[in-house]
Amino acid sequence: VPATGVLSATVLAPTAAEADALATAAYVLGPAEVDRIAPAGGSVSALLVLPGSRSGQLTLLLANLPPEQFQIAENLRGLTIIPPKSTETAP
């Protein structure tokens, strides 16, 4: 596990080469920098799997991937999903 604590990084990008390179960057940079890799409204999305708050739990961080576009096939106990940061401004 790298110093950032990322267990896995997946990137959806226009090309496989971009996805591969950006997934490596996301894995190394971690959750603090994932918005640089997958900015809101851009053509790249990212999913980072991080350790959960307790042993045996996982956290899934979504970047530029709305939760309604992401589906888990089964209910996984101990999984926390962090939706992307909103880019909307308050009225």
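Cut-offs used in this document
Sequence positions are assigned chain by chain, starting from 1 and proceeding in written order. Confidence filtering applies because this is a predicted model: local features only for residues at pLDDT of at least 70, side-chain atom pairs given and counted only at 80 or more, and all residues used for totals across whole chains, interfaces and linings. No hydrogens and no water enter the side-chain calculation; it runs on all heavy atoms of the structure. Secondary structure elements follow DSSP: runs of H or I no shorter than four residues count as helices, runs of E no shorter than two count as strands, and numbering proceeds from the N terminus. Exposure classes here rest on a 1.4 Å probe applied to the protein chains alone. A residue is buried below 20% of its type maximum, exposed above 50%, and partly exposed in between. For our purposes a nonpolar core is just a set of buried Ala, Val, Leu, Ile, Met, Phe, Trp, Tyr and Cys residues, chained together by side-chain atoms within 4.5 Å. Here, residues are in contact when the closest pair of their heavy atoms is within 4.5 Å. Any pair of nitrogen or oxygen atoms within 3.5 Å is treated as a polar contact; in protein, a donor-acceptor pairing is required on top of that, and neighbouring residues in sequence qualify only through side-chain atoms on both sides.

Visitor: Tell me what's going on with unusual backbone geometry, and back it up with residues and numbers.
Guide: The backbone of Asn-64 shows a phi angle near 60 degrees, a positive value even though the residue is not glycine. Within the fold, Asn-64 resides in the loop between β3 (58-63) and β4 (79-82). Under the relative-accessibility criterion, Asn-64 is labelled buried at 17%.

Visitor: Tell me about the nonpolar core, and please be specific about residues and values.
Guide: Residues Val-11, Ala-26, Val-34, Ala-46 and Leu-48 are the most contacted members of the largest nonpolar core, which totals 14 residues. Looking at this core, the elements that each hand over two or more residues are β1 (8-12), α1 (16-29), α2 (34-37), β2 (45-51) and β3. Per-element tally for this core: the top contributor is β2, with three residues. In this structure, Val-11 is in contact with Ala-19, Leu-22, Ala-23, Ala-26, Val-44, Ser-45 and Ala-46, ignoring residues within four places of it in sequence.

Visitor: I'd love a proper account of the side chain of Asn-64, names of residues and values included.
Guide: A polar contact is formed between the side chain of Asn-64 and the backbone oxygen of Pro-39, at a distance of 3.3 Å. For Asn-64, the side chain forms a polar contact with the main-chain oxygen of Gly-42, separated by 2.9 Å. In this view, Asn-64 contacts Ala-38, Pro-39, Ala-40, Gly-41, Gly-42, Val-44, Ser-45 and Pro-84; residues no more than four positions away in its chain are not counted.

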